[in-house]
2 protein chains.
Amino acid sequence: MATKEQMEKVKDIVVKLRYLECMDNIIYYDRWNNCPKDGFDYEGKVGAYLTELSNEKLTSKETKELVESLEGETAFDSDTDKGMVRYLIGKYKEAVQIPASLQGELNQANADGQLAWGKCYEADDFESFKPVLKKQFDLQEKIATAINPDEKPYQVLVNRFDKDYRLEEIDAILAKIKDAVCKILNAVREEQSKIDDSILECEADHDTVLRIVKKAQEILGLDKDKSTLFEIHHPVCVCTGPRDSRPSTNCDELIHAILAVVHETGHGLYNYNANDEVAESGLWGGIEGAMHESQSRFYENHVGRTREFWENLYPYLQQEVPKYKEISLDTFLAALNKVKPGLIRLKADELTNTLHIIIRYEIEKEYFDGKLTVDTIEEAWNRKYQEYLGFTPKNHQEGILQDVHWASGCVGYFQGYALGDAYAAQFAHKLLTDCPDAFEKLEKGDSSAIGNWLKEHIHQYGQTYSAREMLKKATGEELNTDYYIEYLKEKYLH
Amino acid sequence: MATKEQMEKVKDIVVKLRYLECMDNIIYYDRWNNCPKDGFDYEGKVGAYLTELSNEKLTSKETKELVESLEGETAFDSDTDKGMVRYLIGKYKEAVQIPASLQGELNQANADGQLAWGKCYEADDFESFKPVLKKQFDLQEKIATAINPDEKPYQVLVNRFDKDYRLEEIDAILAKIKDAVCKILNAVREEQSKIDDSILECEADHDTVLRIVKKAQEILGLDKDKSTLFEIHHPVCVCTGPRDSRPSTNCDELIHAILAVVHETGHGLYNYNANDEVAESGLWGGIEGAMHESQSRFYENHVGRTREFWENLYPYLQQEVPKYKEISLDTFLAALNKVKPGLIRLKADELTNTLHIIIRYEIEKEYFDGKLTVDTIEEAWNRKYQEYLGFTPKNHQEGILQDVHWASGCVGYFQGYALGDAYAAQFAHKLLTDCPDAFEKLEKGDSSAIGNWLKEHIHQYGQTYSAREMLKKATGEELNTDYYIEYLKEKYLH
C-alpha cells in the first residue's frame, strides 16, 4: 500500500510538472497570438529552460527513490492516487531513458523541420524535403531505441501517444475499419457524387465567421469563463490550466471554420471538466491520443454534422449569410455530409477521413519496418491513394507534402484519430442507451444532456485511468469497432 | 579578479533567473489579454511556483558559495561581468533576507489589496480601506526590517527600487524641485487658467483611438517586430524578452491614450534596445526605478508634448477626428500643455505632476517614521493637497483612495517618477548638445536622432550599471536638477 507520505510527494511532483507544462503551453499560445516576431527566439529559449527544469525534477534523486519505492505497487487509497503514480512513473521513464541531448536535438529538428516543410510545400519540392524527413525519422528511431531497444521502434513510437495498444491489435482494428469503409464507399460513391456541395463555399467576412463559430460554441455549451477562442492556421486546442481551454479555428473558409471549432471545442470541454479532486491532483486535461481525439471527433461528427445541431445553428447562419436563406436545411445537411473522396485529408468527409489516417499509419509502419526509405516513400503514398481513394496526386503538395506532422516530430500519432473515431461511436451508442432523448434536447438548443454524460462518464476523470480502462468504465466494454461500423452503415447506407 | 569559471556560473544563473522572470511577465500579460476568468486562479499558482523556483535557485548552496566567493571582488574583465555580479548579489541578498513565508504573505496581501482597493474606491469608503492599508504597510515594514534591521525601514523600501539614493539626498532633491515648481505654478497659474483645454475632450471610437496611438508609436520609431500593443485599465509596459516589449494604453479617452502610449513606448524602447552582449548576459531591460521612468517621462514630456512631435501626428489626428480640422495646432498645443493644478494625479499636467509625486513620497516617509497612522494619513494628504496644489478633496476617491499603488504593494516607488523627470531633463540637455538638430529631424518625421542617442548612451547597456553610474556615463555629470528646473522655467516662463 502506497503510504500517505509517498502520495504527498508524488502529488507535489505531478502538480509541479503540470505547472511547467502549462507555462510551456502559455508560451505556445503567446507565440501564436501576442509575441512580436523578434521575441520568438527568446521564448524558444525560455521553453527549452522549462523542459530542462522538468527534466531536472524528474531525474532528481528524490524522484528516482520515490519511483523505485512505488514501482510494482498495486494497492492505493484511491484511483486518483493510482493515476498519479502511473503518470509520474511514465514521465520518469521517458526522462531517464531519453538523453537530454537527444531530446534537445529533436526539439531543434522539429522547429527546423516545420520551417523547412513550409518552404518545400510552397515550392512543391519533395526532393529538398527528403533529407529533412530522413533526419526526423532517424531521430525518432534513436528515441525509440533509447526508450526500449528490445522492442520494434514503431511499437515504441505509437506507445508514446497511445500507451496501451500493440501494433498487431491496431493493425487488426484498422483492417476491419478499412474494409468496412471501402465497402460503404463503393456502395455510395456514385449516388453521393451527384450531391451539389458547392453551396458550402461562401464568402463571409472575418467578423461574420467569428460570430458564427462563437454561436456554435454557445450551442455546444462551452463555458466562456473557462475558454478563450483564438485563430491559427492549423487549428488546435491549447490547454493552459484545469479550468482554462483555448480552442482555435481558421477563419478562411466558413464551414471549415465551424467544423474545426466544433472539433477543438471537444478537446476544450474534455480539458476543463475534471472534477475538483482530479484537478488538484494534476491529472486534469484528459488522456492523450485516441481518447482525446475521441472527444473532438465525437463533437465534430456525432454532434457537429447532425440535423439536431444545425436546427439551432442554421437559422443563425441564414441570418448572417444571406445566401443560405435560399437553401433548405436538408440541402445544406446533404452537402455537409457528402462523401467526396479526394487527395487532401483536411478536406476529407467523415467517411473517407479514416482512409487518409490509415494510409499514414501504414506508411509510418512500413518505414520503420525498413520496407520504405525516403526515396520510395512517395511511390508508396501515391499507390495507396490510388488503391484506397481512387486518386493519384498530380504533385507533391496534394500528396506526400500535404501534412506538416512528420516534419514537426509528430510520428506515431495518426492511429489515434482512427481509434478515436471508433471510441466516439462506442460512446455515442452508450450515451443514447443512457439518455435516449439527448439529441431531442439538442434539437431544442439544449446540449447539456450530451455534455453532462461525457462529463460524468469521461471528462471528470481527466488522466486518472488509461484509455482502455476509461473506455471500459464508461461503456462497460472493451473497444468494439462494430459500433463505429454500424454507425457508418446506418448513416450512409440507410 | 573574477575567474572565467566564476563568470560562466554567474551568467548561467542570471540568464535563468531572467527566464523565470519573463515567464512571470508572460503570465501577467496573458491574464490581462487572454486568460478566461476561471483560469486566473491556476495562473496565480503557476506564478507562485515560478517565484519558488527562482528562490530555490538563489538560495542554493551553489549560488551561496559563488556569491560569497565574489563579494568584495572589484576586478572584472568587463563592465558586463561586473554588472552581472552586482545583479546576482542583489537578488541573492533579497532572497536570503526575506523569508519565503513573508514574501508569500506579501504576494497574497498585494492580490487581496488590489481587489479590496477596487471595492473601497467604488464605494468611496476609506474606513474599510484602513485595515487593508495597515496590513500592507505592516508587511512592508517587516520586509524592510528583514532586509536590514539597522536601517530606517523607509530607507530600505526606497532602496528596493532606487538602489543608490539616501533619503537625505532625495529629500534635498525633491525640496529643490518642489520649491521651483511652486514658484513657477504661482507665476503662471492665472494666465494658464484662461487657456481652454476642453478641446482635448472628444468622442472617438475605439478603433480610431487604436489607429492614432499606433501612428504615434510609428512616429516614435517603435519597431513592430519587437513590440505588441495591448489595452489595460492602468497602462504599463510588459517586458517579456530582450527583443519583446509590450506597451499598453487605455482607449477610453483619446488624448490620454496617446500620452499614455508615448510614456509606455519609452519604457518599451529602453527594454528592447540592449546590445547583443548585454542581451545575452541577461542584463537587458533597463535599470529599475528612476532610470526607467526617466525614459518614459522623456518620451511623454520631452517628445510627446512638443510641437515637433505633433507636427507629424496632428495632421493624422485631424484626418481621423474631424473636430480637430477646425482647431489650429497652436491652440491644440496650448491646451495639451496647459498647467491645470488639480486633485487627480493621472490627470495632472507636466508641471504639477511632480507635486503629486512629492506628496506621496512625503506621506510614505512620515508614515514609516511613525509620524502618521492610517487614522491620520488622510488628514495629512488633504492638508498637503491644499498647501501644494490649492485644493482639498471633497471625497476619498479624489483624495487618498485615488491610487492603487499602496494597496498592491508598490511602496517606496513614487520618488522614481520625480527623479526620473530630473534625469530626463538632464538627458534632453545632453542630447541637444550632441545632436543640435535632433528635434528639427523629428519635426520632419524622423525620430531616429533622438532614438539613436538614447540607444547609444543609455538603452544599449540595459542593467549593466547603477542608475547613478549610467547617468554619469551618459551625461558626464552627477544628477543636476538645474537642468530640470531650467527646462520647466524655459517652458512655462519664457
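Residues numbered from 1 in each chain as written. Chains lettered and ligands numbered in written order. Predicted model: local features only at pLDDT ≥ 70, side-chain atom pairs only at ≥ 80, totals over all residues. Heavy atoms only, no water.

Trainee: Quick question: what am I supposed to make of the overall build of chain A here?
Mentor: Along the backbone of chain A there are 21 helices and 3 strands. Referenced to the eigenvectors of the C-alpha coordinate spread, the extents of chain A come out at roughly 70 × 50 × 50 Å. The buried share among the 494 residues of chain A stands at 58%. A fraction of 73% describes how many contacts in chain A between residues 6 or more apart in sequence connect residues 24 or more apart. Just so you have it, chain A exposes about 20500 Å², and 49% of that area is on carbon and sulfur atoms. (Helix = DSSP H or I, 4+ residues; strand = E, 2+ residues; numbered from the N terminus. Buried < 20%, exposed > 50% of the residue type's maximum accessible area, 1.4 Å probe, protein only. Contact = heavy atoms within 4.5 Å. Areas by Shrake-Rupley, 256 points an atom, 1.4 Å probe, with all protein chains shown as cover.)

Trainee: Help me understand the packing of aromatic side chains in this model?
Mentor: Aromatic rings in a pair are described by how distant their centres are and how their planes are angled relative to each other. Counted under the stated rule, the structure contains 54 aromatic pairs over all chains. Between Tyr29(A) and Phe230(A), the aromatic rings sit 4.8 Å apart at their centres with planes inclined by 70°, giving edge-to-face as the arrangement. Placement of the pair is Tyr29(A) in helix α1 (residues 4-33) and Phe230(A) in strand β1 (residues 230-231), with a sequence separation of 201 residues. For Tyr29(A), a relative accessible area of 2% corresponds to the buried category. For Phe230(A), a relative accessible area of 3% corresponds to the buried category. Counting every residue linked through ring pairs, the aromatic cluster contains Phe137(A), Tyr154(A), Tyr361(A), Tyr367(A), Phe368(A), Trp381(A), Tyr385(A) and Trp406(A). Geometry around Tyr29(B) places Arg246(B) over its ring, the cationic atom sitting 4.6 Å from the centre. (Phe/Tyr/Trp six-rings, centres within 6.5 Å; stacked < 30°, edge-to-face > 60°. Lys NZ or Arg CZ within 6 Å of the ring centre and 35° of its normal.)

Trainee: Looking at this model, I keep getting lost on the environment of Tyr299(B). Mind explaining?
Mentor: Residue and element names in this part refer to chain B. When you line up the elements, Tyr 299 lands in helix α12 (residues 290-303). When the C-alpha positions of Tyr 299 and Leu 259 are compared, they lie 9.0 Å apart, and in sequence the two are 40 residues distant. Beyond its immediate chain neighbours, meaning those up to four positions away, Tyr 299 contacts Leu 220, Val 262, Gly 266, Leu 269, Gly 304, Ile 450, Gly 451 and Leu 454.

Trainee: What is the right way to look at the relation of the copies chain B and chain A in this model?
Mentor: Here the second copy of the chain follows from the first by a rotation about an axis and a shift along it. For the pair chain B and chain A, the best superposition has an RMSD of 0.0 Å and corresponds to a rotation of 180° with a translation of 0.0 Å parallel to the axis. What the superposition gives is, in effect, a two-fold axis relating one chain to the other. In this assembly, 100% of the residues forming the interface of chain B have copies in chain A that are likewise at the interface, indicating an isologous arrangement. (Least-squares fit on C-alpha atoms with pLDDT ≥ 70 in both.)

Trainee: Honestly, a negative patch on the surface in this entry has me stumped. Any pointers?
Mentor: Residues and elements named next belong to chain A. There is a patch of like negative charges on the surface, built from Glu 201, Asp 205, Asp 207, Glu 231, Asp 252 and Glu 253. Here Glu 201 is to be found in the loop between α8 (167-193) and α9 (206-219). Residue classification places Glu 201 among the exposed residues on the basis of a relative accessible area of 60%. (Patch = residues over 30% accessible without salt bridge, like charges linked within 9 Å, V, L, I, M, F, W, Y side chains within 5 Å. Salt bridge = Lys/Arg side-chain N within 4 Å of Asp/Glu carboxyl O. Lys, Arg positive; Asp, Glu negative; His and termini not counted. Charge placed at Lys NZ, Arg CZ, Asp CG, Glu CD.)

Trainee: What's the story with the pattern of salt bridges in this structure? I'm lost.
Mentor: Between side chains of opposite charge, pairing is possible as soon as their charged atoms come close. Taken as a whole and assessed by the stated rule, the structure comprises 89 salt bridges over all chains. Here Asp276(A) makes a salt bridge to Arg243(A), at a shortest N to O gap of 3.0 Å. Here Asp276(A) is found in helix α11 (residues 276-281), whereas its partner Arg243(A) is found in the loop between β2 (237-241) and β3 (244-249), with 33 residues between them in sequence. Relative accessible area serves as the criterion here: at 54%, Asp276(A) is assigned to the exposed category. We note a salt bridge from Asp434(B) to Lys430(B), for which the minimum N-O separation is 3.1 Å. Separated by 4 residues within a single helix, Asp434(B) and Lys430(B) lie in helix α17 (residues 415-434), roughly one turn from each other. One continuous salt-bridge network, built from bridges that share partners, spans Asp223(A), Asp225(A), Lys226(A), Lys37(B) and Asp38(B).

Trainee: What am I meant to see in the sheet that holds β2(A) here?
Mentor: Each strand in a sheet pairs with another by means of backbone hydrogen bonds, the pair being arranged parallel or else antiparallel. Residues and elements named next belong to chain A. Strand order in this open sheet of 3 strands is β1-β3-β2, and the pairing throughout is mixed. In this open sheet, the two strands that pair with only one neighbour each are β1 and β2. Of the strands in this sheet, β1, β2 and β3 are in contact with α1, which crosses β2 at around 135°. (Pairing = 2+ DSSP bridges. Axes fitted to C-alpha atoms, helices over the stretch in contact; angles between N-to-C directions.)

Trainee: Just to check I follow, could you spell out empty space enclosed by the protein for this structure?
Mentor: Sizing a probe to match a water molecule and rolling it over the atoms shows the empty space that remains. All names here are of chain B. Considering all chains together, one arrives at 3 cavities of 30 Å³ or more under this definition. In terms of lining, the largest cavity is formed by Phe 129, Arg 360, Trp 381, Ile 400, Asp 403 and Trp 406. Along the walls of the second largest cavity sit Arg 297, Asn 301, His 302, Glu 350, Asp 421, Tyr 484 and Tyr 487, which together make up its complete lining. Looking at the lining of the second largest cavity, the elements with two or more residues in it are α12 and α21 (482-493). Among the elements that line the lining of the second largest cavity, the one with the most residues is α12, at 3 residues. (1 Å grid on protein atoms, 1.4 Å probe; cavity = no way out; pocket = protein on both sides within 12 Å on 5 of 7 lines; lining within 4 Å. Points joined across faces, edges and corners; volume = space filled by probe spheres on them.)

Trainee: Could you clarify how one ought to interpret the side chain of Glu398(A) in this entry?
Mentor: Residues and elements named next belong to chain A. Looking at the element boundaries, Glu 398 is found in the loop between α16 (377-389) and α17 (415-434). Looking at Glu 398, the relative accessible area reads 18%, which means it is buried. Residue contacts for Glu 398: discarding those within four places in its chain leaves Leu 343, Ile 344, Thr 392 and Pro 393.

Structural measurements only, silent on function.
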